[in-house]
Amino acid sequence: MDSHTVLFGVIGDPIRHSRSPVMLNRAFRETGVNGLYAAFHVKPERLGEAIAGLRAFGFRGLNVTIPHKIEVMAHLDEIHEGARAIGAVNTIVNEDGRLIGYNTDGIGYVRSLKEEAEPELAGKKILVLGAGGASRGILWALNSENPSAVWLANRTWDKARELAESFVETQASRILPIRWEELRDVCAEADIVVNTTSVGMSPNVSETPIDPSWLKPEAVASDLIYNPLTTAFLQQAKERGCRIHGGLGMFIYQGAYAFEYWTGLPAPARAMREEVLSSFTGK
Ligand code: NAP
C-alpha cells in the first residue's frame, strides 16, 4: 500500500463471513492493481452515512450484500438497466464522484453456468426452483439468453406467479410460473434444472428440493448453494448421469464482473476461485 492505493470494499450486516475480501485482494495481487479491498459492517440505519463516506474517501468501488441491496439504490446517482430490472444493486462503481449501481449476481451465475456446464443456453428449456431474493437476478439473466422456455416453481405459488408477472413489464419474457405439483412432468422435459431455494444448504445437507430421479439423465443440474460445494441434489443428479454445476462459480463470477467494471481488466477467475476454495479448506 502507498499513497496511490485505490480503495474497495463490501458492506453488509452481517459481514464477517464474507469471502469477497480474500477473493478480490487476490485478484488485485494477480493483476498488479494497487488496490485494497476490506469488509465493512454497516447497520441499515447508517447506510446513507456509509455511502457518503465512500464518496468522501473516493473509493473506486463497493460490493453491497444483504440487507442493503435494495435500499442502497436510493443513495446512488445512476442505476444500470439490468439492476433496475432486477430491483437490486450488488456493485457500485464510482466514476469521478458519480455513483453507478450494477447487479452482477445474475450475469455472474449465467457466465459460470456457460463456462462450467452448458455453453449454449439459446433454445434450452430451463426450470428454476425458488422465487426468493436470488431467483430474480437469475431469471433476468437466463431470460436474456433466449431460452425456449423458463419455468418457475416455488413452494408458495403466489410468489412464483407474482415474480413471473413482474418480468412482463421489463423484458420480453419467456418465464412461466408452474405449480409445485407439476414439477415431475416439467422435469421430464427440462434441459437445465436450477435450485435457487435454500433446501440442501448446511446444516441440512441431506435434503433435496425435488427428487433428482425426475431429471433427464442428459440434463444439467445446477445449484446456487456453495456450502456444501456439492449438495445432495447435485450428488444424486450426478449419480443419475446428469452434468452438475455448483454455486461457487456464481460467487466467483459476480466478483469477476465487479472487478472488470472497476478496473477494465479481465478478471483472474481461476486464481480467485483457488483463493476462495482454500479459504474453505484452510489449505
Ligand atoms: P430467500 O430469499 O430466503 O428465498 C428462499 C427460497 O427457498 C424461497 O423460494 C423459499 O420458498 C424456498 N424454500 C425455503 N425452504 C423451502 C422448502 N423447505 N421447500 C421448498 N422451498 C423452500 O433466499 P435467497 O437469498 O434467494 O437464497 C437462496 C439460496 O441461494 C441460498 O441457499 C443462498 O445461499 C444461495 N445463494 C447463492 C449465491 C451464490 O453466489 N452462489 C448468491 C445468493 C444466494 P417460499 O417462497 O415458499 O418460502
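What you see is a predicted model; the values in this text were computed from it and never measured.

Trainee: Would you mind going over the packing of helix H1 (residues 20-31) against helix H9 (residues 248-263) with me for this structure?
Mentor: For any two helices packed against each other, the geometry comes down to the angle between their axes and how far apart the axes lie. Contact pair H1 / H9: the axes reach a minimum separation of 11 Å and the direction vectors enclose 50°. It follows that H1 is oblique to H9 by the angle criterion. For the crossing formed where H1 meets H9, the hand is right-handed. Facing Ser20, Met23, Leu24, Ala27, Phe28 and Thr31 of H1, the residues of H9 in contact are Phe251, Ile252, Gln254, Gly255, Phe259, Trp262 and Thr263. Looking at the contact of H1 with H9 residue by residue, the classes come out as eight nonpolar, five polar and no charged.

Trainee: When you look at the sheet that holds strand S1 (residues 6-12) in this model, what are you seeing that I'm missing?
Mentor: Through backbone hydrogen bonds, the strands of a sheet pair up, either in parallel or in antiparallel fashion. As summarised here, the arrangement of the six strands in space is S2-S1-S3-S5-S6-S4, forming an open sheet in which the pairing is mixed. Both outer strands of the open sheet, strand S2 (35-41) and strand S4 (78-79), are each paired with one neighbouring strand and no more. As judged from the five bridges shared by strand S5 (residues 91-95) and strand S6 (residues 98-102), these two strands associate in the antiparallel manner. Within the sheet, the bridge partner assigned to threonine 91 lies in S6 and is tyrosine 102. Strands in contact with H1 are S1, S2 and strand S3 (61-64); relative to S2, the strand with the most contacts, it is inclined by about 170°.

Trainee: Looking at this structure, how should I read the environment of asparagine 204?
Mentor: Structurally, asparagine 204 can be placed in the loop between strand S10 (192-195) and strand S11 (220-223). Assessed through its relative accessible area of 40%, asparagine 204 is described here as partly exposed. Each C-alpha atom, one on asparagine 204 and one on proline 228, is 9.8 Å from the other, the two residues being 24 residues apart in sequence.

Trainee: Sorry, what's going on with the site of the ligand here?
Mentor: Around the ligand, the surrounding shell holds 20 residues, and the nearest of these are Ala134, Asn154, Thr156, Lys159 and Leu224. Interatomic distance of 2.9 Å between a backbone N/O atom of glycine 247 and a nitrogen atom of the ligand. Within the complex, 72% of the 940 Å² of free accessible area of the ligand lies under protein. Looking at the shell around the ligand, the elements that each hand over two or more residues are helix H5 (133-143) and H9. Residue composition of the shell around the ligand, grouped by class: nine nonpolar, nine polar and two charged.

Trainee: What is the right way to read helix H10 (residues 269-281) from this model?
Mentor: Every α-helix winds through 3.6 residues per turn, so residues three or four apart in the chain are directed the same way. Here H10 spans 18 Å end to end across 13 residues, near enough to the 18 Å set by a 1.5 Å rise per residue. Along H10, the residues that are buried comprise Ala269, Ala271, Met272, Glu275 and Val276. Where the residues of H10 are buried, they touch H1 and H9. Trailing H10 by a residue or two, glycine 282 shows a phi angle of about 75°, which is positive.

Trainee: How do you make sense of the packing of aromatic side chains when you look at a structure like this?
Mentor: Tallied over the full model, the rule gives nine aromatic pairs. Each ring, one from tyrosine 102 and one from tyrosine 261, has its centre 4.5 Å from the other, and the planes form 35°; the classification is tilted. Of this pair, tyrosine 102 sits in strand S6 while tyrosine 261 sits in helix H9, and the two are 159 residues apart along the sequence. With a relative accessible area of 16%, tyrosine 102 lands in the buried category. Each member of the aromatic cluster is reached from another via a ring pair, and the members are Phe8, Phe28, Tyr37, Phe259 and Trp262. Residue placement shows arginine 111 over the ring face of tyrosine 257; its charged tip is 4.6 Å from the ring centre.

Trainee: What is the right way to look at the side chain of asparagine 195 in this model?
Mentor: Relative to the helices and strands, asparagine 195 is located in strand S10. Only 3.4 Å separates the side chain of asparagine 195 from the backbone oxygen of valine 199, close enough to count as a polar contact. Once residues within four sequence positions are removed from consideration, asparagine 195 is found in contact with Leu129, Pro209, Ser222, Asp223, Leu224, Ile225 and Phe233.

Thresholds, definitions, all that
Residues numbered from 1 in each chain as written. Predicted model: local features only at pLDDT ≥ 70, side-chain atom pairs only at ≥ 80, totals over all residues. Heavy atoms only, no water. Axes fitted to C-alpha atoms, helices over the stretch in contact; angles between N-to-C directions. Helix = DSSP H or I, 4+ residues; strand = E, 2+ residues; numbered from the N terminus. Parallel < 35°, antiparallel > 145°, perpendicular 65-115°, else oblique. Left-handed = near helix turned anticlockwise from the far one by under 90°. Contact = heavy atoms within 4.5 Å. Nonpolar A, V, L, I, M, F, W, Y, C, P; charged D, E, K, R; others polar. Pairing = 2+ DSSP bridges. Buried < 20%, exposed > 50% of the residue type's maximum accessible area, 1.4 Å probe, protein only. Near = heavy atom within 4 Å. Polar contact = N/O pair within 3.5 Å; in protein donor to acceptor, adjacent residues only side chain to side chain. Areas by Shrake-Rupley, 256 points an atom, 1.4 Å probe, with all protein chains shown as cover. Expected span 1.5 Å × (residues − 1). Phe/Tyr/Trp six-rings, centres within 6.5 Å; stacked < 30°, edge-to-face > 60°. Lys NZ or Arg CZ within 6 Å of the ring centre and 35° of its normal.

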